[in-house]
Amino acid sequence: MTEQAVPGEPDRAPEPAGDVDGEAILAVRDVAKHFGGIHAVDGASFEVRRGSITALIGPNGAGKTTLFNIVTGFQRGDRGEVIYDGASIFRRPPHVIARRRMVRTFQITKALAAMPVIDNMTLAAPDQPGEKLTGLIFRAPAARRREKEVHERAHELLDVFGLREKADDYAGTLSGGQRKLLELARALMVEPRLVLLDEPMAGVNPSLGRKLLDHMHTLRDRDGVTFLFIEHDMDVVMAHSDEVIVMAQGATIASGPPEEVRNDRAVIDAYLGASVA
Amino acid sequence: MEVEAAEAGAVEKERGRLAGLSSGASLSPPVVAGLIVASIAVALIVTQGLQPFGQTTVNGLISASYFALGAVGLTLVYGTLKLVNFAHGDLLTLGAYVAFVANVSLGLPILLAVLCSVAVVAAFGVATERVMWRPMRAKGAGLLQLLIMTLGLAFVIRYSIQLFAGTQPRSLEVDVTSSTSFVGLTIGQTQLIVVLAGFAVLLAVGAALRFTSLGKQMRALSDNFELAEVAGINTDRVVLATWIFAAGLAGLAGVLYTSAIGNMTPNLGFFLLLSLFAAVILGGIGNAYGALAGGVLLGLTQEWSTLLVDARWKLAVGFLVLILVLVVRPQGLFGRQERAL
Amino acid sequence: MTPLAVSLDVFGSLDFWIGVGLLAATYGIFTLGLQLNVGFTGVINFGQAGFMAIGAYTMAILVVEAEISFWLALGASILVAMAAGLIIGLPSLRLRADYFAIVTIAFAEIIRYTAVNARELTGGSQGIGGFDGAFLDLSDLMLEGLDSFGLGDQFLLPLLIVAVAVFGLLTVGMYFLQRSPWGRVLRAIREDEDAARALGKNAFAYKLQSISIAAALGAVAGWFLALNLAFISPTQFDPLFTFLGFAVLILGGLANYFGVILGAIILWTLLEGLRLMDLPLDASQTAALRYVLVGLVLIGLMAFRPQGMLGKRQEMVLGD
């Protein structure tokens, strides 16, 4: 039923053929997930190079978001393997994966509307002993110290993202675009090594969108953060990604630099095929 | 747009094909449940003897009749309106007391009293829809808000009845002493009528849901509100019909319960409510047939349990079944698994 | 005198206010647990009366049957209630919010049922008394001190002082706990569990902690209920009494601990006032009228002012 998807077949792109340790921050191997009779993901395999900005594209229903959910632990894959930073994270719970500094955003923004912006930010900081009841009692000074650091870091990031004056407002009062910025800023509070963004540009006005993309490049260049993002706007994908992974009908069908993928036969078939089916 | 539609169509076909395959290949949960119940029955017959088993089964069918009738309304209201109605048990109480007023205070014959109680409780159900639930839906009220309102309503019904009728037990003018025996099994005369009437109504309810257009619409709405609205079902009419149906049956169940037990107190509804929830969840919340089956299963389980543990624990057995089902199979025997995210 | 002319004299008596204060403090402590669960964690706990029963019965049984010291029994009852919270939460906190509500109310009913039927242990519907000797010693000591203020004959006053002090301390404690990073995680879970998990928070563990702390608070409320009456029986732990707590909670306002104090005082002044006013009703009817009122308060608040008196509209997270 998936003619063009050949799971396990080496990708056309030359570099990620072997498992070059240190080179790939994330390796997904032959992951599958079905709901009832629907094969949402069916043999997805790819790698994400450390320090890259990688785009994940594909027609609607290709299984991109489901794949994100499996990688980040929000859904259990039926089979396959996900290696992150040298260790398997397949079927691990989301909070365990997030603590290894892999953080995601959601297609529909999950800004915590009933909490002030600043609390959204400080919430995300890792290693706060005060988040444990025992820590509150036995490590109170450490918790206070950490809280101070976290607040400083949060204000820095809010400055960068132009949300400083909104710090004490409820996140529910922000505009859609500002919420996307907040979600990205909050993700950065986790001090991530890999950030997964599910359609970061959707519903964002062009100037805010550009700002978001600029931040992505800065963070990659300055801090070495790796990004994997789902995007439908081909112009954005072509202009801003180092590498592109293409999914169709649950499987990855191609990967490589943008210009190479753009001319790939299977990719063209997948997009055209979907439109004539 | 076209692309998506075409794709959705293909996926739908694929889903149908694979669903057909999988249901043929493995046993469906209702079948498994049936097998489990059957083997429990056999085990009980072998260890406890045929007569005690038969007698508890008869007793179980008596409670099954009012459990099932109470549960089907609770589940339909949940399905159509996503309202977990904690006041549903008190609709049974209301039904019982209306019958008491008609039958004992006004001296009407019992059959007429039953009709009164069905009519009054159905009208009450419609009134709550118009005065409370519809305006709250229009406001976009959240889950907790609605839950607490149903609880408030439960307080108001139960204690208004207590205010006027007091807490002393009351009885309808039905024969509670004479009984019939058949192949060694005993059943009270009134209880026999309760079972027969209860199951006759159950069959009628099942048939109405299956064959009448209103019944089909109710089930469709219960299955998927938005879809039913898009598909052109007059949801307002069906919602009203659901309330009439649900509350009317609750009223009837209240009368049947009182007749079978012999008396009524203002707290009978709350007392029954958790059993009704158990039946509803057993059958898959929102699923009308599931609630009917769940009610019967629960009635049998509670009575069968008296063969093994002291009868005073039988209600607790019902709640344990409830908790067990939620833990093992939260979607119930007939419910479908919800797709995450 | 017409039937409608009611006497308001009771509001001038000290006995009345001691009674109101005791009930307000007891149900206030009870409701602090609900505030933690419902107001700050988004967990709909409908079984708080069950935890209250566990606290009261464990304390009474340990003192009367096992002849353990009263003060030790208090500690033990908290541990038992917390364990019950974990047992009920472990399998069912993963369920949808409305299912969890049903499970917890079923749990409370099982507890009440056990209290009625496990007669050897609980005394069945006869109940248990005679567990409060150690407290009465303390009480007598306090009454001697109160005597110098001319209050030596108010034998419930010591209990009131203790209950109010405990309620006050617990309220302040819960307030600071909520302002901690721990409390911040709870609020995130209340609004969107997935967002919290995506940020590395183990939502399930927090919900378990929330329910067992609520259970502990329920147990503490159970002590005061038991000491107030010097006697416990299953009728005091009807699962519906959880909703007296909900009335307090919503009157005062969701997501505000000081609202609990306000709600508790208002509700119990109202309910006790109604009971003691000379209404032309018998005892069962007065009781019924009280609960009709509770029902109307719940409906009215949810319909017209769901945030209560001190709750913040922006923090209304009432489920989807």
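Residues numbered from 1 in each chain as written. Chains lettered and ligands numbered in written order. Predicted model: local features only at pLDDT ≥ 70, side-chain atom pairs only at ≥ 80, totals over all residues. Heavy atoms only, no water.

## Topic: the side chain of D192 of chain C
Then comes step 1: In this structure, D192 of chain C sits in the loop between α8 (181-191) and α9 (193-198).
Then comes step 2: Assessed through its relative accessible area of 17%, D192 of chain C is described here as buried.
Then comes step 3: At 3.0 Å, the side chain of D192 of chain C forms a polar contact with the backbone nitrogen of D194 of chain C.
Then comes step 4: For D192 of chain C, the contacting residues outside a window of four places in its chain are K110 and L112 of chain A. (Helix = DSSP H or I, 4+ residues; strand = E, 2+ residues; numbered from the N terminus. Buried < 20%, exposed > 50% of the residue type's maximum accessible area, 1.4 Å probe, protein only. Polar contact = N/O pair within 3.5 Å; in protein donor to acceptor, adjacent residues only side chain to side chain. Contact = heavy atoms within 4.5 Å.)

## Examining a nonpolar patch on the surface
All names here are of chain C.
Then comes step 1: A contiguous nonpolar surface patch, about 560 Å² in accessible area, is contributed by V172, F176, F258, L262, I266, M309 and L310.
Then comes step 2: Those elements giving two or more residues to the nonpolar patch turn out to be α7 (157-179) and α12 (257-276).
Then comes step 3: For the nonpolar patch, the element with the highest residue contribution is α12, accounting for three residues.
Then comes step 4: Considering the arrangement of structural elements, one finds M309 in the segment after α13 (283-304). (Patch = residues over 30% accessible without salt bridge, like charges linked within 9 Å, V, L, I, M, F, W, Y side chains within 5 Å. Areas by Shrake-Rupley, 256 points an atom, 1.4 Å probe, with all protein chains shown as cover. Salt bridge = Lys/Arg side-chain N within 4 Å of Asp/Glu carboxyl O.)

## Let's talk about the interface of chain C and chain B
Then comes step 1: Facing 49 residues of chain C, the contacting portion of chain B comprises 43 residues.
Then comes step 2: Between chain C and chain B, roughly 4,300 Å² of surface is buried when both sides are summed, and carbon and sulfur atoms account for 77% of that area.
Then comes step 3: The tally of links between chain C and chain B comes to one salt bridge.
Then comes step 4: Counting the contacts that link chain C with chain B gives six residue pairs in polar contact (both at pLDDT 80 or more).
Then comes step 5: With 14 residues, α13 of chain C is the single largest residue contributor to the side of chain C that touches chain B.
Then comes step 6: Here the residues of the side of chain C that touches chain B are counted per class, giving 35 nonpolar, six polar and eight charged. (Buried area = accessible area lost by both parts, 1.4 Å probe. Nonpolar A, V, L, I, M, F, W, Y, C, P; charged D, E, K, R; others polar.)

## Some thoughts on the sheet that holds strand β3 (residues 53-57) of chain A
All names here are of chain A.
Then comes step 1: An order of β6-β7-β8-β3-β9-β10 is seen for the six strands of this open sheet, with the pairing classed as mixed. At either margin of the open sheet sits one strand with a lone partner, and together these are β6 (102-104) and β10 (251-256). The mean angle between the axes of side-by-side strands here comes to 15°, regardless of whether they run parallel or antiparallel.
Then comes step 2: Inspection of the sheet shows β3 paired to strand β9 (residues 243-248) by four bridges, in the parallel sense. (Pairing = 2+ DSSP bridges. Axes fitted to C-alpha atoms, helices over the stretch in contact; angles between N-to-C directions.)

## Some details on the interface of chain A and chain C
Reports of interface size often rely on the accessible area that becomes lost once the parts have come together.
Then comes step 1: Opposite the 30 residues of chain A that make contact, chain C presents 26 residues.
Then comes step 2: Of the roughly 2,500 Å² buried at the junction of chain A and chain C (both faces included), carbon and sulfur atoms supply 62%.
Then comes step 3: Scanning the region where chain A abuts chain C turns up four salt bridges.
Then comes step 4: A salt bridge links D119 of chain A to R187 of chain C; its shortest N-O distance comes to 3.0 Å.
Then comes step 5: Our enumeration of links across chain A and chain C arrives at 13 residue pairs in polar contact (both at pLDDT 80 or more).
Then comes step 6: Going through the elements one at a time, α2 (94-99), β6, α3 (117-123) and α4 (133-138) of chain A are the ones with two or more residues in the side of chain A that touches chain C.

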